[in-house]
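Listed below, chain by chain, are the residues.
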Amino acid sequence: GRDTPSSELRKRFLAEVRLLASIRHPNIIRTYQSGIFRGEPYFTMDLLRPLPLRLRERQIIALGLDLCKALDHLHSLSIIHRDIKPENILVSPDGHYVLADLGIVRIDSPSLSQFAHGADNHNLTIAGGKDHALGTPGYAAPEQLTGNNITPSTDIHALGVLFDTLFDHRPSFFWKLFIRRMTSTIPAFRYTEA
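Residues numbered from 1 in each chain as written. Predicted model: local features only at pLDDT ≥ 70, side-chain atom pairs only at ≥ 80, totals over all residues. Heavy atoms only, no water.

## Re the packing of helix α2 (residues 57-76) against helix α5 (residues 152-166)
For the pair α2 and α5, interaxial distance at closest approach is 11 Å and the crossing angle is 165°. Put simply, α2 runs roughly antiparallel to α5. The interaxial crossing formed by α2 with α5 has right-handed handedness. Between α2 and α5, the contacting residues are I60, L63, G64, L67, C68, L71 and H75 on the first element and P152, D155, L159, L162, F163 and L166 on the second. Taken together, the residues of the contact of α2 with α5 break down into 10 nonpolar, two polar and one charged. (Axes fitted to C-alpha atoms, helices over the stretch in contact; angles between N-to-C directions. Helix = DSSP H or I, 4+ residues; strand = E, 2+ residues; numbered from the N terminus. Parallel < 35°, antiparallel > 145°, perpendicular 65-115°, else oblique. Left-handed = near helix turned anticlockwise from the far one by under 90°. Contact = heavy atoms within 4.5 Å. Nonpolar A, V, L, I, M, F, W, Y, C, P; charged D, E, K, R; others polar.)

## Side note on the pairing of strand β2 (residues 40-45)
Here six bridges tie strand β1 (residues 31-37) to β2, and the two strands are oriented antiparallel to one another. Within β2, the position partnered with Q33 by the bridge is T44. In this antiparallel pair of consecutive strands, β1 and β2, the connection spans two residues, and R38 shows a positive phi of 50°. (Pairing = 2+ DSSP bridges.)

If you want it as structure tokens, here you go:
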């Protein structure tokens, strides 16, 4: 039979929970317990705060370092986040920044994909399918919006847009050069790793 939208969302949620449970990094959201309560899936996590609307430059630098560590770890596992934006960054009680929402990641590791989705499903994305054009307009890289050749530089692009947003689109000259390279429309011109 065909899956209903509700059952498909449940499968995606559970795949994300399994993936999160397999990743241990201080700058990536952690899960502790998951299950079904009154027919709805859930998971528990650390109590984290949303990203403040305004950050000083030193806070943006700290955020950048924490996110680069998180992305470097995800990329080493052959995972591309594909949805870096302010709403997906949380702040821990000790002031570190945590990357959240792995709901549309691309998984280029067949074994990790099988673990997240189950042995009978080999989707390369948590959202399903191989090359869905997913992401948040304004943050997503051009190749992401067209569903073409998603690589770690796709996340680098979104990180550059995030920096530009955090500087209220008025970064200093140094940051402007840095951001320009990160957000190049040509993936080969971007930095190759976080």
